[in-house]
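Residue-level listing of the chains:
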Amino acid sequence: MIKNIYKKYGFFILIVYLILAYFYMPLGLIAIVCMAAPIIFALMGKGRYWCGNFCPRGIFFQNVTGRFSKKKPIPKFLKSTGFRIFMIAFIMANFGIGVYMNLGNPAGIGSVFYRIIVITTIFGVIINTVYMPRTWCSFCPMGSIAQFITFCKKK
Ligand code: SF4
């Protein structure tokens, strides 16, 4: 029951995050929770359980912006291992450089997380509108890391 309600309205967490962190940038750091969660679940042997059930952004893509999706098939390229690895490297490099340049400044580090969440969410909304509602999730760095962990654990 509670889980079903969450799977419908969990996207409010993303909206509250975007509003609160806008006015108080250190709160941008809360994004770390949602970034670590898929990895923790995968390490616990739960695969992409977080992605399928708890990720506020995944729920946002599915239940909010998914309504406007043209639902075209996702291009194979976007799901390829090479592109997913590129996305992990690209996003993590952006985090790493941003955090390094703001060391000792919680608002600055929070703004790095906030900016990347905003940019990737906007990009996700655009690409999800053109293709399937959760196209972003097929190459989202955190989802990909969770999947790679799951794959390695099965070997
Ligand atoms: S793939 Fe990324 S955005 Fe999609 S549900 Fe998983 S963590 Fe969230």
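Refer to the structure above for everything that follows.
Reading the values: rules and limits
Residues numbered from 1 in each chain as written. Predicted model: local features only at pLDDT ≥ 70, side-chain atom pairs only at ≥ 80, totals over all residues. Helix = DSSP H or I, 4+ residues; strand = E, 2+ residues; numbered from the N terminus. Rg over C-alpha atoms; globule rule 2.2 N^0.38 Å. Buried ≥ 20, exposed ≤ 12 C-beta atoms within 10 Å, placed from the backbone. Axes fitted to C-alpha atoms, helices over the stretch in contact; angles between N-to-C directions. Parallel < 35°, antiparallel > 145°, perpendicular 65-115°, else oblique. Left-handed = near helix turned anticlockwise from the far one by under 90°. Contact = placed C-beta atoms within 7 Å. Nonpolar A, V, L, I, M, F, W, Y, C, P; charged D, E, K, R; others polar. Near = placed C-beta within 6 Å. Core = buried A, V, L, I, M, F, W, Y, C linked by C-beta atoms within 7 Å.

**Side note on the overall build of the protein**
Here is step 1 of the chain: Scanning the protein from N- to C-terminus turns up nine helices and zero strands.
Here is step 2 of the chain: Going residue by residue from the N terminus, the α and β elements of the protein occur as α-α-α-α-α-α-α-α-α.
Here is step 3 of the chain: Over its C-alpha atoms the protein spans a radius of gyration of 16 Å, differing by no more than 12% from the 15 Å that the globule rule assigns to 155 residues.
Here is step 4 of the chain: The C-alpha extent of the protein, read off along each of the three principal axes, is 40 × 35 × 30 Å.
Here is step 5 of the chain: Of all 155 residues assigned to the protein, the portion counted as buried reaches 30%.

**Examining the environment of Phe139**
Here is step 1 of the chain: Within the element layout of this structure, Phe139 appears in the loop between α8 (106-130) and α9 (141-154).
Here is step 2 of the chain: Considering only alpha carbons, one finds Phe139 and Ser80, 59 residues apart in sequence, at a separation of 8.2 Å.

**So, unusual backbone geometry**
Here is step 1 of the chain: Located in the positive-phi region is Lys71, a residue other than glycine, with phi close to 55°.
Here is step 2 of the chain: Mapping Lys71 onto the fold places it in the loop between α5 (56-64) and α6 (76-79).

**Side note on the packing of helix α7 (residues 81-101) against α8**
Here is step 1 of the chain: One way to put it is that α7 packs onto α8 with a least axis distance of 9 Å and a crossing angle of 155°. One way to sum up the angle between α7 and α8 is to call them roughly antiparallel. Considering how the two elements wind past one another, α7 and α8 form a crossing that is right-handed. In this structure, α7 uses Ile91, Asn94, Phe95, Gly98 and Val99 to contact α8, whose residues at the interface are Ile109, Val112 and Ile116.
Here is step 2 of the chain: Taken together, the residues that form the contact of α7 with α8 break down as six nonpolar, two polar and no charged.

**Comments concerning the site of the ligand**
Here is step 1 of the chain: Pro38, Cys51, Cys55, Arg57, Gly58, Trp136, Cys137, Cys140, Met142 and Gly143 make up every residue found near the ligand.
Here is step 2 of the chain: Where the shell around the ligand is concerned, the elements lending two or more residues are α5 and α9.
Here is step 3 of the chain: Split by residue class, the shell around the ligand holds seven nonpolar, two polar and one charged.

**What to know about the nonpolar core**
Side chains of a nonpolar character, in soluble globular proteins, are inclined to be buried together.
Here is step 1 of the chain: Core analysis: the largest hydrophobic core is formed by 28 residues, its most contacted members being Phe113 and Ala146.
Here is step 2 of the chain: Elements with a contribution of two residues or more to this core: α2 (11-23), α3 (31-43), α4 (49-53), α5, α8 and α9.
Here is step 3 of the chain: Dropping the residues within four chain positions of it, Ala146 is found in contact with Pro38, Ile39, Phe41, Ala42, Arg48, Trp50 and Cys51.

**Observations concerning the packing of α3 against α9**
Here is step 1 of the chain: Put simply, α3 and α9 touch, their axes get as near as 9 Å, and they point 10° apart. With respect to α9, the axis of α3 lies roughly parallel. Contacts from Met35, Pro38, Ile39, Phe41, Ala42 and Leu43 in α3 reach Met142, Gly143, Ile145, Ala146, Ile149 and Thr150 in α9.

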